[in-house]
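# A structural walkthrough
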Amino acid sequence: MSEFFFLFRGEDTHSMGYSPEKLQEYMAKWMQWIEGLQRNDQFIGAQPLMQTGRLLRENNQVVSDGGFLEGTEKISGYLLCKANDYDEATRIAGNCPILEYGNGSVEIREIQEA
């Protein structure tokens, strides 16, 4: 099995404007999705990301601080999982709540073996 990196782009939960009930429903969907990956021994790890950061360029020069993109292009989190190939990883990502709720996208990248 290979390892895949899912990069979530979209609004963070604080800026989505959901009611408390809708936010609870949204987060429950995430937990169900991750628990399914855990049951199938495909889950490696996941974390949301802060919207602040730094962008460095050549010579370690800080180009900018803060958030770098807006709206559905913001990087909001990541997940590492196991899958046999890109087709399976795509099926896994296709069940991600960020897609169901229409507030973002999932970039899928295979992790290169060292």
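Here the structure is a predicted model, which is why all the values come from computation and not from measurement. (Residues numbered from 1 in each chain as written. Predicted model: local features only at pLDDT ≥ 70, side-chain atom pairs only at ≥ 80, totals over all residues. Heavy atoms only, no water.)

## Things to note about the environment of Thr-90
What counts here: A run of DSSP states H or I qualifies as a helix once it reaches four residues; a run of E qualifies as a strand once it reaches two. Both are numbered from the N-terminal end. Throughout, exposure labels follow a simple rule: accessible area from a 1.4 Å probe, protein chains only, divided by the maximum for the residue type, with under 20% read as buried, over 50% as exposed, and the rest as partly exposed.
Along the chain, the position of Thr-90 falls in helix H2 (residues 86-93). Given a relative accessible area of 44%, Thr-90 falls into the partly exposed group. Taking the C-alpha atoms as reference points, Thr-90 and Phe-6, 84 residues apart in sequence, are found 9.7 Å from one another.

## Structural notes on the nonpolar core
Side chains of nonpolar character tend, in soluble globular proteins, to be buried together. Heads up, the rule is: Here the nonpolar core consists of buried residues drawn from Ala, Val, Leu, Ile, Met, Phe, Trp, Tyr and Cys, with membership extended through side-chain atoms lying within 4.5 Å. Between two residues, a contact is recorded if the distance between any of their heavy atoms is within 4.5 Å.
In terms of nonpolar packing, the biggest core is built from 19 residues, with Phe-6, Phe-8, Trp-33, Leu-79 and Val-106 touching the most fellow members. Mapped onto this core, the elements with two or more residues apiece are strand S1 (2-10), helix H1 (20-39), strand S5 (75-83), H2 and strand S6 (104-110). Considering every element that reaches this core, the biggest residue donor is H1, with 5 residues. In contact with Leu-79, other than residues within four places in its own chain, are Phe-4, Phe-5, Phe-6, Phe-8, Trp-33, Ile-34, Leu-37, Phe-43, Gly-45 and Ala-46.

## Concerning the side chain of Arg-9
Filter applied, for reference: Polar contact is defined as a pair of N or O atoms within 3.5 Å, subject to the rule that within protein one atom must be able to donate a hydrogen and the other to accept it, and that residues adjacent in sequence are counted only when both atoms are side-chain atoms.
Among the secondary structure elements, Arg-9 is positioned in strand S1. Given a relative accessible area of 17%, Arg-9 falls into the buried group. Within the local environment of Arg-9, its side chain forms a polar contact with the side chain of Glu-107, the two groups lying 3.0 Å apart.

## Focus on the packing of aromatic side chains
Which entries qualify depends on this criterion: Stacked, edge-to-face and tilted are the three classes for Phe, Tyr and Trp ring pairs, Trp counted by its six-membered ring, which pair at centre distances within 6.5 Å; planes under 30 degrees apart are stacked, over 60 edge-to-face, the rest tilted. Put simply, a charge is over a ring when the Lys NZ or the Arg CZ is close to the ring centre, within 6 Å, and near the line of the ring normal, within 35 degrees.
Scanning the entire structure with this criterion turns up 9 aromatic pairs. Members of the aromatic cluster, connected to one another through ring pairs, are Phe-8, Tyr-18, Tyr-26, Trp-30, Trp-33 and Tyr-101. Over the ring of Tyr-18 we find Lys-22; its NZ or CZ atom is 5.9 Å from the centre of that ring.

## Description of unusual backbone geometry
In this structure, Asp-41 is a non-glycine residue whose phi angle is positive, near 55°. Within the fold, Asp-41 resides in the loop between H1 and strand S2 (43-48).

## Some remarks on a negative patch on the surface
Heads up, the rule is: Patch construction takes residues with relative accessible area above 30% that form no salt bridge. Like charges are linked within 9 Å, and nonpolar side chains (Val, Leu, Ile, Met, Phe, Trp, Tyr) are linked within 5 Å. For accessible areas, the Shrake-Rupley method is used with a probe of radius 1.4 Å. Any residue's cover is judged against the shown protein chains and nothing else. One speaks of a salt bridge when a side-chain nitrogen belonging to Lys or Arg is within 4 Å of a carboxyl oxygen belonging to Asp or Glu. Only four residue types enter the tally: Lys and Arg on the positive side, Asp and Glu on the negative side; His and the chain ends are excluded. To locate a charge, take NZ of a lysine, CZ of an arginine, CG of an aspartate or CD of a glutamate.
A contiguous patch of negative charge on the surface is contributed by Glu-3, Asp-85, Asp-87, Glu-110 and Glu-113. Position of Asp-87 relative to the elements: it lies in helix H2. Among the residues examined, Asp-87 registers a relative accessible area of 55% and is labelled exposed.

## Considerations on H1
Applicable threshold: For a helix, the expected span equals 1.5 Å multiplied by the number of residues minus one.
Taking 1.5 Å as the rise per residue, H1 with 20 residues should run 28 Å; its terminal C-alpha atoms sit 28 Å apart, in good agreement. Of the residues flanking the end of H1, it is Asp-41, one or two places downstream, whose phi is positive at about 55°.

## Regarding the pattern of salt bridges
Here the structure, examined in full by the defined rule, presents 5 salt bridges. We note a salt bridge from Lys-22 to Glu-25, for which the minimum N-O separation is 3.9 Å. Here Glu-25 and Lys-22 lie together in helix H1, a separation of 3 residues that amounts to about one turn. The salt bridge involving Arg-109 is made with Glu-107; its shortest N-O contact spans 3.4 Å.

## Some thoughts on the sheet that holds S6
Hydrogen bonds between backbone groups are what pair the strands of a sheet, and the pairing can be parallel or antiparallel. Rule in force here: Being paired, for any two strands, means DSSP has found at least two bridges between them. Axes here mean lines fitted to C-alpha atoms, for a helix over just the part in contact, with angles spanning 0 to 180 degrees between N-to-C directions.
In spatial order, the strands read S2-S5-S1-S6; together these 4 strands make up an open sheet with antiparallel pairing. On the outer flanks of this sheet lie S2 and S6, each paired with one strand and no other. Between one strand axis and the next, the sheet turns by 15° as a mean value, whatever way the strands run. Sheet topology note: the S1/S6 ladder contains 7 bridges and is antiparallel. For Phe-8, the partnering residue across the bridge sits in S6 and is Val-106.

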